[in-house]
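# Coordinate inspection notes
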Protein chains: 2
Amino acid sequence: MSDPFVVVGGDAAGLSAASKLKREDPDREVVVFEKGNWASYAHCGMPYYVKGEVPVLTDLLSLPPDRIEERGIDLRRGHEVVAVDPDERVVSVERDGETVEQPYGDLLVATGARAATEPVAGADLDGVYTMHGLDSAAALRAALLDPETATVEDLGGGGFVDADAVESHLRADPPETVAVVGGGYVGVEMAEAFAAHDLDVHVFQRGDHLLGPFGEPVAERVEAHLREQGVTLHLGEAVVRLDSDGDDRVAEVVCPDSSLPVDLALVGVGVRPNTDLLDGSGVELGDSGAVAIDEFGRTNRENVYAAGDCAEMPHVVTGEPAWVPLGLTANRAGRAVGQTVAGDPTTLGGVAGTAVLKAFDLECGRSGVTDHDEARTYGFEPVSETVTAGSRSGYYPGNAETTVTLTADRETGRLLGGTIVGADRAAIRIDTVATALEAGMTVAEVERLDLAYAPPFSPVWDPVLVAAKVLNGRL
Amino acid sequence: MSDPFVVVGGDAAGLSAASKLKREDPDREVVVFEKGNWASYAHCGMPYYVKGEVPVLTDLLSLPPDRIEERGIDLRRGHEVVAVDPDERVVSVERDGETVEQPYGDLLVATGARAATEPVAGADLDGVYTMHGLDSAAALRAALLDPETATVEDLGGGGFVDADAVESHLRADPPETVAVVGGGYVGVEMAEAFAAHDLDVHVFQRGDHLLGPFGEPVAERVEAHLREQGVTLHLGEAVVRLDSDGDDRVAEVVCPDSSLPVDLALVGVGVRPNTDLLDGSGVELGDSGAVAIDEFGRTNRENVYAAGDCAEMPHVVTGEPAWVPLGLTANRAGRAVGQTVAGDPTTLGGVAGTAVLKAFDLECGRSGVTDHDEARTYGFEPVSETVTAGSRSGYYPGNAETTVTLTADRETGRLLGGTIVGADRAAIRIDTVATALEAGMTVAEVERLDLAYAPPFSPVWDPVLVAAKVLNGRL
């Protein structure tokens, strides 16, 4: 067969596309190149594995390699695609130092994103980790275990991890103090994971608040809650570098006006799209640095698609391309590309930028455009209101204060975005906002939604409705 | 002042209207007539009060009478409006056997609904209760208490209950076996309440399944769960009558082919709109028997409004009037009428028929049109799919099977309704369906929603998305 569907990246987007195409067109050859040893795993579960709540590393596999192959997909792990030539319709693939050329009929670039560490000097020291890939998760959990009793087998990596490499992270002297560099999603989730190991946890955040995209009302509650949990927050403190004490092991976090001795550091300062393989290919990137695609996932070069964390997607509020690397988007976009390549053109849909997060006992959610500066960039005149309302009827046990912020365009009354934080069923309520955004509802329309009410789950006026009512009163 | 705003019924709709008007137009005289001794209380909380989870009866007051009066509302409890004369703009009010006439400028009929008992012979025996009004809730909880230690004061009715009347329900010999007649919302909630008192609970349901409006997939899981909790279900058994054993106290439930000795019975066979006061007034009722109103809550007679459980509302799916007596609708409609009467015409919005319910450890939700016969009545060609999917990532602790049914119109692909049941954050997810219904989304659009994903709260594909994906595949 001369026109295989070649997929670069064996994760959410890539394998969704490969699986969908194989279902729709079983005779088409499908080759998936995966740089690492793992394929189809749950990135978002890694903090809970490090925490110990997910006991075994292979639990995070969505689809083990043998089941991928059962689907008729030619999965080649340990193969790195280093170049793409759309004129010749070939990709260059490296394995064990050798490079071969692989022709394609259609190509999907689903290379995802990588943890950014560039701004942090000393991120290459021993004892400094990122949360990217299951190997790093295994190494980090190894570093937290009691070396008297723990073995690499306890980590449950099956045959997928390099046992010797991981074993080198088991430490005679387990860490007591850990620095989390970066107070975004990963930083907050990892603070919870480290605290579960009874570590003295310090979070360093360059900005004045954690969780930038969730906005201040969420950040302030999360910050108070993390402090209650014993986490030390260093807000407004940019880490200048990580220092060793002479050997190659991290020993100190250095900020402009202070420093802190630490035994271990986790760097979670964001992710970047993996697009190096496209250098010289003529495939265009968007302003975000991720691959620019059309509504079907097509790049500017014929028969070259991109999907998932390496690609942009249209934002449902602004209509403009946005780079929002999240799991559902990647799965859905990959699936749509598979269907399109099978001959049934299918749009990817848009992103609302919906994200939810657990921060110890708090649940956080956000969707849409909530930042006023960003909203103005797109020509909106943003107005926001923040309310705190009960999650249940006031008389019902377990009622918890839920803080909702909604943002709308003053001129049209259209809902632009929202955030939520609370301890009781807060995160999932952001789905109401996400759905309303997709529908282009005004705040007045949101206020009139016939949402659920029963004392154990919601007060008469759901917190989202209360926020809509207050915001609508200001428009 | 000669044109007071007169409100009949001092509950959700009536007091929302009165409060809103007083805020917008503080000089307008507002008189609220309430037949009973209670005003502004949480109907939906009564089962949890009987259960004991809400300790004190007055906890269920949304707004105590003194706070209502602080708002400048002339609340007259113990006053029953028995007739309305729109020609003369007066209502006839009974109190202590005397009737007086009260003129009005604008009138709001917010008389709510009453528990239906008519079809059940013997419903007037001692030991037979309904869940309608806080007096009945107090009486029922009294009947469940240990007479050795309990007093009427323990019930927490403050000065609002007739202590002598309630005291007569304290029994020397507390019940052991209880019949719940009717397997709808109230029946299921009360089964849970009685089970918490260690009673032998029997639920009698005329139809083959509990919870008709939630459909079979929800009913079947609830039925299995109730049985696991020790509740005996008598499905397809219509209660012919409740019998006494000679005195006036209930002693037996009689069905066509069987009978069961009981110590106490709860009749929850639905509610009926309270419209008797409108007989002869010329105010039109709809086909449902509830008051017909326009989008502003106006009846066919000038200056006469209706809102809440006694009135119809337009359904967002069918566009036709529907009678869906629920708390949020009543609050919202009352508030809108108050605003309209204040001179700012405000539409009530529609109802999606969203309802949620706790059944022991299960959460149930429904919204829209889910019954196929009903859908066909409105010209739709209904197609449904039921899926069971996880509430969280499969590897994350607490993941629970969540069953979602979505119904769509085959020709247009439009979502018509949905139901959900599960043990983990299931009920609140119906808000996604309710919002999509209000927006008139197709199932394809629902499938593309950017909903929340994080392992502790939701899998990559929320159960609602999984159902949309499967249903869309059939359209």
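For chain A, the name recorded in an unreviewed UniProt entry is FAD-dependent oxidoreductase, with Halobium salinum as its organism. Here chain A is described in UniProt, under the heading Cofactor (unreviewed entry), as follows: "FAD". In its Sequence similarities (unreviewed entry) section, the UniProt record describing chain A reads: "Belongs to the class-III pyridine nucleotide-disulfide oxidoreductase family."

Turning to helix 10 (residues 430-438) of chain B, a few remarks are in order. All names here are of chain B. Most of helix 10 sits inside the fold, with eight of its nine residues counted as buried. Taken residue by residue, helix 10 has Ile430, Asp431, Thr432, Val433, Ala434, Thr435, Ala436 and Leu437 as its buried positions. Looking one or two residues beyond helix 10, the residue adopting positive phi is Gly440, at roughly 65 degrees.

Before going further, it helps to examine the nonpolar core. The nonpolar side chains of soluble globular proteins are, as a tendency, buried together. Core analysis: the largest hydrophobic core is formed by 97 residues, its most contacted members being Tyr49(B), Val50(B), Leu140(B), Phe194(B), Val201(B), Val222(B) and Leu226(B). Considering each element in turn, this core owes the most residues, eight residues, to helix 4 (residues 134-144) of chain B. Among the nonpolar cores identified, the runner-up in size contains 59 residues, and Leu60(A), Ala138(A), Ala139(A) and Phe160(A) belong to it.

Before going further, it helps to spend a moment on the side chain of Thr299(A). Residue and element names in this part refer to chain A. Structurally, the position occupied by Thr299 is in the loop between strand 17 (271-273) and strand 18 (304-306). What makes Thr299 buried here is its relative accessible area of 10%. A distance of 3.2 Å separates the side chain of Thr299 from the backbone nitrogen of Arg301, its partner in a polar contact. A polar side-chain atom of Thr299 sits 2.8 Å from the main-chain carbonyl oxygen of Val304. Those residues in contact with Thr299, other than ones at most four positions away along the chain, are Val283, Val291, Ala292, Ile293, Val304, Tyr305 and Ala306.

Attention now goes to the pairing of strand 10 (residues 177-181) of chain A. All names here are of chain A. Counted residue by residue, strand 10 has five buried out of five residues, so it is predominantly covered. Two strands pair when backbone bridges link them, and strand 10 and strand 11 (residues 200-205) are joined in this way by five bridges, in the parallel orientation. Each bridged residue has a counterpart across the sheet, and for Val181 the counterpart in strand 11 is Phe204. Read from strand 10 through helix 6 (residues 185-196) to strand 11, the crossover connection turns out right-handed. Examined bridge by bridge, strand 10 and strand 16 (residues 264-267) share four bridges and lie parallel to one another. Residue pairing in the sheet places Val178 in a bridge with Leu264 of strand 16.

With that settled, the discussion passes to the environment of Val421(A). Residues and elements named next belong to chain A. Mapped onto the elements of the fold, Val421 is located in strand 25 (residues 415-422). Residues Val421 and Arg221 lie 200 residues apart in sequence; the distance between their C-alpha atoms is 7.5 Å. Residues contacting Val421, with those up to four places away along its chain left out, are Pro217, Val218, Arg221, Val222, Leu362, Glu363, Cys364, Glu401, Thr402, Thr403 and Ala426.

Glancing now at the UniProt feature "domain: FAD/NAD(P)-binding" (unreviewed entry) in chain A. UniProt tags residues 5-314 of chain A as "domain: FAD/NAD(P)-binding" (unreviewed entry). Structurally, residues 5-314 of chain A is divided into 22% helix and 25% strand, and its ends, taken at the C-alpha atoms, are 25 Å apart.

All names here are of chain A. Looking at the assigned domains, one finds that chain A contains domain 1 (5-36 + 78-114 + 272-341), domain 2 (128-269) and domain 3 (361-474). For domain 1 versus domain 3, the distance between C-alpha centres works out to 35 Å. Contacts between domain 1 and domain 3 engage five residues on the former and eight residues on the latter. Interface area for domain 1 against domain 3, summed over the two sides, is near 560 Å², with a carbon-plus-sulfur share of 70%. It is Val316, Val317 and Thr318 in domain 1 that bury the most area against domain 3; as a group they hold 79% of the surface buried on that side. For the pair domain 1 and domain 3, the number of links is two residue pairs in polar contact (both at pLDDT 80 or more). Among the residues making up the side of domain 1 that touches domain 3, the classes are represented as two nonpolar, two polar and one charged.

Running from N to C, helix 10 (residues 430-438) of chain A and helix 10 of chain B point in directions that differ by 20 degrees, and their axes come no closer than 8 Å. What the angle tells us is that helix 10 of chain A and helix 10 of chain B run roughly parallel. For the pair helix 10 of chain A and helix 10 of chain B, the sense of crossing is right-handed. On helix 10 of chain B, the residues touching Asp431(A), Thr432(A), Thr435(A) and Ala436(A) of helix 10 of chain A are Asp431(B), Thr432(B), Thr435(B) and Ala436(B). Of the residues contributing to the contact of helix 10 of chain A with helix 10 of chain B, the split by class is two nonpolar, four polar and two charged.

Attention now moves to the UniProt feature "domain: Pyridine nucleotide-disulphide oxidoreductase dimerisation" (unreviewed entry) in chain A. UniProt annotation of "domain: Pyridine nucleotide-disulphide oxidoreductase dimerisation" (unreviewed entry) refers to residues 359-459 of chain A when read in the numbering used here. From the first C-alpha to the last, residues 359-459 of chain A spans 24 Å; its make-up is 20% helix and 34% strand.

For the rest of this paragraph, the subject is the sheet that holds strand 25 (residues 415-422) of chain B. Residues and elements named next belong to chain B. Pairing is antiparallel across the open sheet formed by five strands, whose spatial order is 21-22-25-24-23. A single partner strand is all that each edge strand has here, and the edge strands are strand 21 (355-359) and strand 23 (382-390). Averaged over all pairs of adjacent strands, the angle between strand axes in this sheet comes to 10 degrees, irrespective of strand direction. Where strand 22 (residues 362-368) meets strand 25, six bridges bridge the pair, whose relative direction is antiparallel. Among the inter-strand pairings, Glu363 is bridged to a residue of strand 25, identified as Gly422. Each of strand 23 and strand 24 (401-409) touches helix 12 (residues 463-474); the most contacted strand, strand 23, lies at about 140 degrees to it.

Quick notes on the rules
Residues numbered from 1 in each chain as written. Chains lettered and ligands numbered in written order. Predicted model: local features only at pLDDT ≥ 70, side-chain atom pairs only at ≥ 80, totals over all residues. Heavy atoms only, no water. UniProt positions renumbered as here; feature names shortened; annotations may be inferred. Buried < 20%, exposed > 50% of the residue type's maximum accessible area, 1.4 Å probe, protein only. Helix = DSSP H or I, 4+ residues; strand = E, 2+ residues; numbered from the N terminus. Core = buried A, V, L, I, M, F, W, Y, C linked by side-chain atoms within 4.5 Å. Polar contact = N/O pair within 3.5 Å; in protein donor to acceptor, adjacent residues only side chain to side chain. Contact = heavy atoms within 4.5 Å. Pairing = 2+ DSSP bridges. Right-handed = clockwise from strand over helix to strand, strands pointing away. Domains from an automatic or database assignment. Buried area = accessible area lost by both parts, 1.4 Å probe. Nonpolar A, V, L, I, M, F, W, Y, C, P; charged D, E, K, R; others polar. Axes fitted to C-alpha atoms, helices over the stretch in contact; angles between N-to-C directions. Parallel < 35°, antiparallel > 145°, perpendicular 65-115°, else oblique. Left-handed = near helix turned anticlockwise from the far one by under 90°.

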